[in-house]
Amino acid sequence: MSAHCQLTGREPGFGKQISHSHRRTSRRFNPNIQRKRYWLPSEGRHVRLTLSAKGLKTVDSIGIEKAVARIRARGGKV
C-alpha cells in the first residue's frame, strides 16, 4: 500500500533525522493513512478508500458521494 491519500493527495515528506551528535541521516515522514470501507448508495456497492486522517474528516463533512466525485475528478479509480 503506497502512502498517499486518494482524496487529499497527501504523500510522504522527506527530511533529515538529527541525532544527539548532530549527525544527519535521511528519513521519511509518512502521512497517517487508513483503509476504510464506505457504502456508496448511488452505485449500490461498497468502496474501499485509502485516506489520510484529514481525508476521513473530509468525507465525514462533505459526504461519500461528493468525496468519490472529487477522487474521480482527480483521475483516481474507485
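We now turn to the structure provided with this report. (Residues numbered from 1 in each chain as written. Predicted model: local features only at pLDDT ≥ 70, side-chain atom pairs only at ≥ 80, totals over all residues. Heavy atoms only, no water.)

**With respect to the nonpolar core**
(1) Moving on: Membership of the largest hydrophobic core comes to 14 residues, with the highest contact counts inside it found for Leu-7, Tyr-38, Leu-49, Leu-51, Val-59 and Ile-64.
(2) Moving on: Looking at this core, the elements that each hand over two or more residues are β3 (33-40), β4 (45-52), α1 (53-62) and α2 (64-73).
(3) Moving on: Among the elements that take part in this core, α2 stands out by supplying four residues, more than any other.
(4) Moving on: If we ignore the near neighbours within four places in the chain, the residues touching Ile-64 are Tyr-38, Trp-39, Leu-40, Leu-49 and Val-59. (Core = buried A, V, L, I, M, F, W, Y, C linked by side-chain atoms within 4.5 Å. Buried < 20%, exposed > 50% of the residue type's maximum accessible area, 1.4 Å probe, protein only. Helix = DSSP H or I, 4+ residues; strand = E, 2+ residues; numbered from the N terminus. Contact = heavy atoms within 4.5 Å.)

**What about the side chain of Thr-58?**
(1) Moving on: Secondary-structure assignment places Thr-58 in helix α1.
(2) Moving on: The class of Thr-58 is buried, set by a relative accessible area of 16%.
(3) Moving on: Discounting residues that sit within four places of it in the chain, Thr-58 has contacts with Leu-7, Gly-63 and Arg-70.

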